[in-house]
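Structure at a glance
Single-letter residue listing:
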Amino acid sequence: MNKFLETEVVLIGAGIMSATLGILLKELNPACKIEIYERLSEAASESSDAWNNAGTGHAAFCELNYTPQNENGSIDISKALKISEWYEVSRQFWSYLVQKQVLKNPEDFITSIPHISFVWGKENVEFLRKRHEALTQKSLFKRMIFSTDETVLEEWMPLVMHNRDKNEVHAATYMPIGTDVNFGTLTRQLFEYLKEQEGINLHFNTEVEKLKKQENGNWKIKVRDLETKKSRKTITPFVFIGAGGGSLPLLEKANIEEGEGYGGFPISGQWLRCMNPEIIKQHKAKVYGKATVGSPPMSVPHIDTRIIDGKKELLFGPYAGFTTKFFKKRFLF
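All of these numbers come straight from a predicted model, not from anything done at the bench.

1. Considering helix α7 (residues 247-254)
Every α-helical turn comprises 3.6 residues, leaving residues that sit three or four positions apart pointing alike. Every buried residue of α7 is accounted for by S247, L248, L250, L251 and A254. Here the buried residues of α7 occupy an arc of 160 degrees about the axis, which is enough to place them on one side. Following α7 by one or two positions, N255 has its phi on the positive side, about 55 degrees.

Structural data, given as C-alpha cells:
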C-alpha cells in the first residue's frame, strides 16, 4: 500500500490567494485534484479577514506610491495603469463567478466607496496636480477630480479636514468609482463552492511541517493534524504557498533558490476601530496620504470606510507589527 496521498495540486493556506487559484484551476480543468491545508479552524482568518486588511479594491486610484515622481519632475504612471487594469480583470472575474452562481450575493463582499488621495504642502500639492493631469489622460482615470478648495475638501472628508491649519495648502483627488472589498466574505464564498467540487479536499487545523522537492520534481509534504496530533504525507507536482505571515518559514523549509532574499512585510493588520456611530456616519471614503521621500508607503496611515457584515465601520491604520516569524536568510533584521 502506498503510504503517501497523491494529488495534482497542494494549496497551503485558506485565504483569498488559495481560493482564487483553486477556482481558476477548477475552471480550466474540472477534473483537477486539489488538497488544501489550513493551520486555523476556518478560512480567511488571518490576512484575508475583513478586520485585518484595508479592504481596498486596489485600482491605483488613491495609492500615491504607485505613481513615483521622476528626476525631471514628471510623474511615472505606468505602474498605476497596470494595477488598475489588473483590478478591472479581478472585477470581471468576480462578475463571471456571480453569473455562474459561484458567488451568490456580490453586495456582501463589494461596495462602492470613493477613493481619495490627500496631501499638504506646496511641493506635494504640485505633485498631486501633475499626477491628476497625467492619469486623467487615460480612460480608467477619467472620472478622477482634483481640488484645492477647502470647502470641497471638507465635503469630501470632513473628519480629515477638521481643525486643519488654514494657512497650510491642501489638495486631494477624488475617485467616485472606488470600491471596498470584504476579502473575508469573498474568500469564504469561494471556499463554500470549492469544497462542494469533486476532487477538492479542504483540511482545517492542519499544519505543514515539512516540504521537500524530490529528484523527479515532485514535492513531498508532511502535514500534522493539530487536533489528533497525527501526521501524514502527500506527494504532488505543484505546491502553492498562500499562507500570509507563515509563507516565509514555509519558503525556508522548501529550500528553493527562489526563496532567497524575501523579507517580511512589516504591517500587522492592526487598526484603530471607531466605535462611535455619530463619527462613523460623517466619513464615507478611503483616504490615503503621501509618505515622505525615502519612507515606506505605509508610514502614512489611512482612514477607511469599511462595510463589514453589512455594517458601516471606520478604521484608522494599519500599524507596524513586525514579528520574529518573518526572516530574511534567517536574520531578524
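2. As for the pattern of salt bridges
Within this structure, the stated rule accounts for 14 salt bridges. Between K286 and D180 there is a salt bridge, with the nearest N and O atoms lying 2.9 Å from each other. Of the two residues, K286 sits in strand β15 (residues 286-288) while D180 sits in strand β8 (residues 179-181), which places them 106 residues apart along the sequence. Note on accessibility: K286 and D180 belong to one class, buried. Across the pair E207 and R224 runs a salt bridge whose closest N-O atoms are separated by 3.9 Å. Note that E207 is positioned in strand β10 (residues 206-213) and R224 in strand β11 (residues 219-225), a separation of 17 residues in sequence. Taking the relative accessible area as the measure of exposure, E207 reaches 28% and is therefore partly exposed.

3. Brief notes about the packing of helix α1 (residues 16-28) against helix α6 (residues 183-194)
For the pair α1 and α6, the least separation of the axes is 9 Å and the interaxial angle reads 35 degrees. Where α1 crosses over α6, the handedness of that crossing is left-handed. Contact with α1, carried on its side by I16, S18, A19, T20, G22, I23, K26 and E27, involves F183, L186, T187, L190, F191, Y193 and L194 of α6 and no other residues of that element. A class-by-class count of the residues in the contact of α1 with α6 yields nine nonpolar, four polar and two charged.

Thresholds, definitions, all that
Residues numbered from 1 in each chain as written. Predicted model: local features only at pLDDT ≥ 70, side-chain atom pairs only at ≥ 80, totals over all residues. Heavy atoms only, no water. Buried < 20%, exposed > 50% of the residue type's maximum accessible area, 1.4 Å probe, protein only. Helix = DSSP H or I, 4+ residues; strand = E, 2+ residues; numbered from the N terminus. Arc of directions from axis to C-beta. Salt bridge = Lys/Arg side-chain N within 4 Å of Asp/Glu carboxyl O. Axes fitted to C-alpha atoms, helices over the stretch in contact; angles between N-to-C directions. Left-handed = near helix turned anticlockwise from the far one by under 90°. Contact = heavy atoms within 4.5 Å. Nonpolar A, V, L, I, M, F, W, Y, C, P; charged D, E, K, R; others polar.

Any functional reading would require information that these geometric values do not contain.
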